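Notes for the structure review
Spelled out, the chains give:
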Amino acid sequence: MKSSYEGLLAGLIAMIVIGLAYSTKSGRASLAVGIFLLSVLLVYALNRYYNSRVGRIEDERTELISVKSTRNAFAVVSIVLFAEYLWEYSNGNTETATKLLIPLALGVVALVVSQYHYERVM
């Protein structure tokens, strides 16, 4: 069951990346936002379905592992967004580059708040 879940998730992520690349390069911002929101919903639904079929063990250790995993994922996304920022800024698209700073700043704020919360709880 796990291999089919991983296959479905890999296929879904590949379709998301292709759809977002097409919609952003074609200049269809509303399509890109729609694909992004639909993809978040589909990944959430797939994870929810998989987790309902598998008994999860919740304790402080699993919560800490989840937090570290989320933090690592944010680091990867931040690196990609910053690379895109540098690319756009070096090509003279300062307006687009400035818009990329918004998700970076929001992510940093969320990361600092979650770090503070988990330091108090743990």
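These numbers come from a predicted model, not from an experiment.

1. A short note on the overall build of the protein
Of the regular secondary structure elements, the protein holds 4 helices and 0 strands. The N-to-C order of helical and strand elements in the protein reads α-α-α-α. In terms of overall dimensions, the protein is more spread out than a globule: its C-alpha atoms have a radius of gyration of 17 Å, far above the 14 Å expected for 122 residues. Each of the 122 residues in the protein was classed as buried or not, and the buried ones make up 16%. A separation threshold of at least 6 residues defines the contact pool for the protein, and within that pool the share at least 24 residues apart is 50%. Of the roughly 9500 Å² of accessible surface on the protein, a fraction of 67% belongs to carbon and sulfur atoms.

2. Here we look at the nonpolar core
Counting residues in hydrophobic clusters, the biggest one holds 5 residues: L81, Y85, A97, L100 and L104. Going through the elements one at a time, helix 3 (60-90) and helix 4 (94-121) are the ones with two or more residues in this core. It is helix 4 that contributes the most residues to this core, 3 residues altogether.

3. Some words on the packing of aromatic side chains
Going through the model one piece at a time under the given rule, you end up with 2 aromatic pairs. A ring pair is formed by Y85 and Y89, whose centres lie 5.9 Å apart and whose planes are at 20 degrees; its orientation type is stacked. In this pair, Y85 and Y89 are both assigned in helix 3, 4 residues apart and thus about one turn of the helix distant.

Conventions and cut-offs
Note that residues are indexed from 1 along each chain, following the sequence as it is written. Predicted model: local features are reported for residues with pLDDT of at least 70 only, side-chain atom pairs are reported and counted for 80 or more only, and whole-chain, interface and lining totals are derived from all residues. Excluding hydrogens and water, the side-chain figures rest on all heavy atoms present in the structure. In DSSP terms, a helix is any run of H or I states spanning at least four residues, a strand is any run of E spanning at least two, and both are numbered starting from the N terminus. When we talk radius of gyration, it's over C-alpha atoms, and the globule rule is simply 2.2 Å times the number of residues to the 0.38. Think of it in three bands: with a 1.4 Å probe and only protein chains considered, a residue is buried below 20% of the maximum accessible area for its type, exposed above 50%, and partly exposed in between. In this description, contact between two residues means that some pair of their heavy atoms is separated by no more than 4.5 Å. All accessibility values rest on the Shrake-Rupley procedure with a 1.4 Å probe; residue burial counts only the protein chains present in the view. As used here, the term nonpolar core means buried Ala, Val, Leu, Ile, Met, Phe, Trp, Tyr and Cys residues forming a set that is joined through side-chain atoms within 4.5 Å. By convention, a stacked pair of Phe, Tyr or Trp rings (six-membered ring in the case of Trp) has centres within 6.5 Å and planes under 30 degrees apart, an edge-to-face pair has planes over 60 apart, and any other such pair is tilted.

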